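So the chains spell out like this:
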Amino acid sequence: MTRRHLHGFGNEHESEALPGALPEGRFSPQRPPFGLYAEQFSSTAFTAPRAKNRRTWFYRIRPSVRQGKFKAIDNGAWATAPLGGEPTPPEPMRWNPPTLPEAATDFVDGLTTYAAAGNCADQAGCAIHLYTANRSMDQRYLKIADGEALIVPQLGALGLRTECGVLEVAPGEIAIVPKGMWFAVDLLGGAARGYVCENYGAPLELPERGPVGANGFANERDFHYPTAAFEDLDGEFELILKFAGQLHSAALGHSPLDVVAWTGNSAPCQYDLARFNAMGSVTFDHPDPSINTVLTSPSNTPGVANLDFVVFPPRWSVAEDTFRPPWFHRNLMSEFMGLISGTYDAKAEGFVPGGASLHNAMVPHGPDAATVAAAEAAELAPHYLDGGLAFMFESRTLLTPTAHAWSTPSRQRDYADCWQGLAKRFSPP
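Caption draft 1: Spotlight on the environment of G165. Of note, G165 is situated in strand β11 (residues 165-169). Sequence separation between G165 and Y225 is 60 residues; the distance between their C-alpha atoms is 8.4 Å. Beyond its immediate sequence surroundings of up to four residues, G165 is in contact with L160, P226, T227 and A229.

Structure representation (C-alpha cells):
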C-alpha cells in the first residue's frame, strides 16, 4: 500500500507496506509505529544544498547496525580504482560479449571489471563492469559502499529486491541503486548478461536542458520507484559488502530488507530507455553525442561530468548535406560503449550486443570504412534509425582497463583494422 504514486526523478517519495507505518508530521518520533526503528539513509552530506541533498528515512524492523562481523573475502574479478600497474592504452579497444557461465553463478560472482577511473576513496571517477549470471542471489545481499550502481541489462530481466521494495528491469531499461543500500538480484528468466557502472562521484541526476527548454531528453515522471515491501525473515543470510575496494562477508540471522515504510528522495529507481525523447538536427550537421545524455554525475568543473550516461535510441535522421553517422573525433572525455540490441550506426560489423568498446581521452575514433562508404553514397532522404540500442558511459577521467580486459580472449586485438580501409583519396585541382 502506498500513500503516493511513486515516480519523478529526484523528488520526495513515500511508501508504506502497512497502513500507518509511516509517521505523520515528523521523521523520528519518540516511538515509531508498530515498534519500528527510525533510521536515516543519506547519499549526500547533511549540509548539501537543498536541490542536491539526497536522504531517505526508513522505518524498519531492526536497525541496520544489527549486522554480523565482516571478514575480507576474495574480490574475484571485481576491481576498484585506482588500479595498480595496468597500462592505459593510447589506442582504442573492443570486446566481444562475455560467454555465459556453466557453473552456478549469481550477480556478485559473475561481475567482472573491465575499466576503472579516478579514486573511490576520493569519491571521484567510476568503474565499469560486465556481469553474467544463471542463478538468483537468494539469501545473499549486496551493499556497494563505494558508489551507486547504474545497471543496464542486455540479456534477461532482473528483479531487484532493495530496502525500499522491488524493481523489475529488463533489457532496454536501466536501474539505479544508491550507494550504500542493501539489495539482491533475482533472475526473472534464464541466464542474464549486462553492464554496471559503479559511480564513485556525485549522485546521478538529470542534466539541464539549456536552450532546449522545458521538454525533451529524459523526463522526471518516467523514473519509477518501488513500493515498500519488507522481508520479515529469520534464517541464515549472507551479507556481501564492498567497502574501500575490498569485498567483505558477514553472516546475519535475518533479512536486511526489513524496511516497512520509507520517505525521501534517495531510493532505487527504474527507467525505460524508450521514454527518452531524443533531440537532433533538422537542418545540417550531426549533433554532439552529449545531446543524448540521460543522466549525469557532475564534477567540480561546470560542464565537465564525472560521469555521463548517454543513449543512442531509435530516432529520425533528416539533416541535409551531412555525413550522418558520428564523425571522426578526439575528445577530452573517455568513452566506454555498450550495445544492448541490434547494430550501432557508426560500425558495420564487430560491435555486437553484449560487447563493449573503449576510446579514452584524445584517442581518435569514428565510423569504420564500410560505414563511411555507405554514408557517403546514401540518398539523403529522411531515414529512421531503428536498427539498435547503444549507450555510452563517459567520464572526464582516464579509464584504465583491468588485467582481465587486457587478457580475455574476447578482446578484439584487430579492432583498429576496421579503419585500415580508409585510403588516401586527396585529389587537388
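Let us keep going from here.
Caption draft 2: Just unusual backbone geometry, in detail. Following A81, the chain continues to P82 via a peptide bond in cis, the omega torsion being 5 degrees. Looking at the element boundaries, P82 is found in the loop between β4 (71-72) and β5 (93-95). A positive phi angle, close to 55 degrees, is found at A244, a residue other than glycine. Following the sequence through the fold, A244 ends up in the loop between β16 (234-243) and β17 (246-254).

Caption draft 3: Helix α1 (residues 369-377), seen in detail. Taken together, the buried positions of α1 are occupied by A369, T371, V372 and A375. One face of α1 carries all of its buried residues, which in axial projection span an arc of 160 degrees.

Caption draft 4: Highlighting the packing of aromatic side chains. The final tally for this structure, using the stated rule, is 17 aromatic pairs. Note on Y195 and F391: the rings are 4.8 Å apart at their centroids and 80 degrees apart in plane angle, and the pair reads as edge-to-face. Of this pair, Y195 sits in strand β14 (residues 192-199) while F391 sits in strand β26 (residues 388-395), placing them 196 residues apart in sequence. Judged by relative accessible area, which is 1%, Y195 ranks as buried. The class of F391 is buried, set by a relative accessible area of 0%. Between Y415 and W419, the ring centres sit 5.1 Å apart and the planes meet at 50 degrees, which makes this aromatic pair tilted. With respect to class, Y415 is no different from W419; both count as buried. Here the aromatic residues Y195, F309, F391 and F393 are joined through ring pairs into a cluster of three or more.

Caption draft 5: Region of interest: the nonpolar core. Ranked by size, the top nonpolar core spans 80 residues in total, and within it F107, I151, L295, F309, F336 and F393 carry the most contacts. Top element by residues in this core is strand β7 (residues 124-133). It accounts for five residues. If we skip the residues at most four places from it in the chain, F393 touches I128, L150, V152, Y195, C197, L307, D308, F309, S334, E335 and F336. The next biggest cluster of nonpolar side chains, apart from the first, holds nine residues, and it includes F312, A346, F351 and M392.

Caption draft 6: Representation of the side chain of K143. Along the chain, K143 falls in strand β8 (residues 140-144). The buried charged residue K143 lacks any salt bridge partner; its closest oppositely charged side chain belongs to E163, at an N-O distance of 7.0 Å. If sequence neighbours within four positions are ignored, K143 has contacts with G180, M181, W182, I240, L241 and K242.

Caption draft 7: Quick peek at the state of the cysteines. Summed over all chains, the structure comprises zero disulfides. In this structure C126 is a free cysteine whose sulfur lies 4.3 Å from that of C197, the closest cysteine sulfur available. Here C126 falls in the buried class, since its relative accessible area comes to 1%. With no disulfide of its own, C164 has C269 as its nearest cysteine by sulfur position, at a separation of 10 Å.

Caption draft 8: Main features of the pattern of salt bridges. Applying the stated criterion across every chain, the model contains 17 salt bridges. Among the ionic pairs, E12 bridges to R55, the shortest N-O distance being 3.4 Å. On the criterion of sequence distance, the pair formed by E12 in the segment before β1 (13-16) and R55 in strand β3 (residues 55-60) is long-range, its members being 43 residues apart. The closest approach of N and O atoms between K242 and E198, which form a salt bridge, is 2.9 Å. With K242 in strand β16 and E198 in strand β14, this pair connects stretches of sequence that are 44 residues apart. An identical accessibility class is assigned to K242 and E198; each is buried. Here the salt bridges do not stand alone but share partners, grouping E39, R60, E163 and D258 into one network.

Definitions and limits used
- All chains use their own residue numbering, which begins from 1 and follows the written sequence.
- Side-chain atom pairs in this predicted model are given and counted only at pLDDT of 80 or more, local residue features only at pLDDT of at least 70, and totals for whole chains, interfaces and linings cover all residues.
- Only hydrogens and water are set aside when side-chain values are computed; all heavy atoms of the structure are taken into account.
- Starting at the N terminus, helices and strands are each numbered in turn, a helix being any DSSP run of H or I of at least four residues and a strand any DSSP run of E of at least two.
- Should any heavy atoms of two residues lie within 4.5 Å, those residues are considered in contact.
- A simple rule labels every residue: compare its accessible area, found with a 1.4 Å probe on the protein chains alone, to the largest value its type can have, and call it buried under 20%, exposed over 50%, or partly exposed in between.
- The arc in question is traced by the directions running from the helix axis to the C-beta atoms.
- Each Phe, Tyr or Trp ring (for Trp, its six-membered ring) is paired with any other whose centre lies within 6.5 Å, and the angle between the two planes then decides the class: stacked below 30 degrees, edge-to-face above 60, tilted in between.
- By nonpolar core we mean a set of buried residues, namely Ala, Val, Leu, Ile, Met, Phe, Trp, Tyr and Cys, connected to one another through side-chain atoms within 4.5 Å.
- Asp and Glu are treated as the negative residues and Lys and Arg as the positive ones, with His and the ends of the chain left uncounted.
- Here, a salt bridge means any Lys or Arg side-chain nitrogen found within 4 Å of an Asp or Glu carboxyl oxygen.
- By disulfide we mean two sulfur atoms from cysteines, separated by a distance within 2.5 Å.

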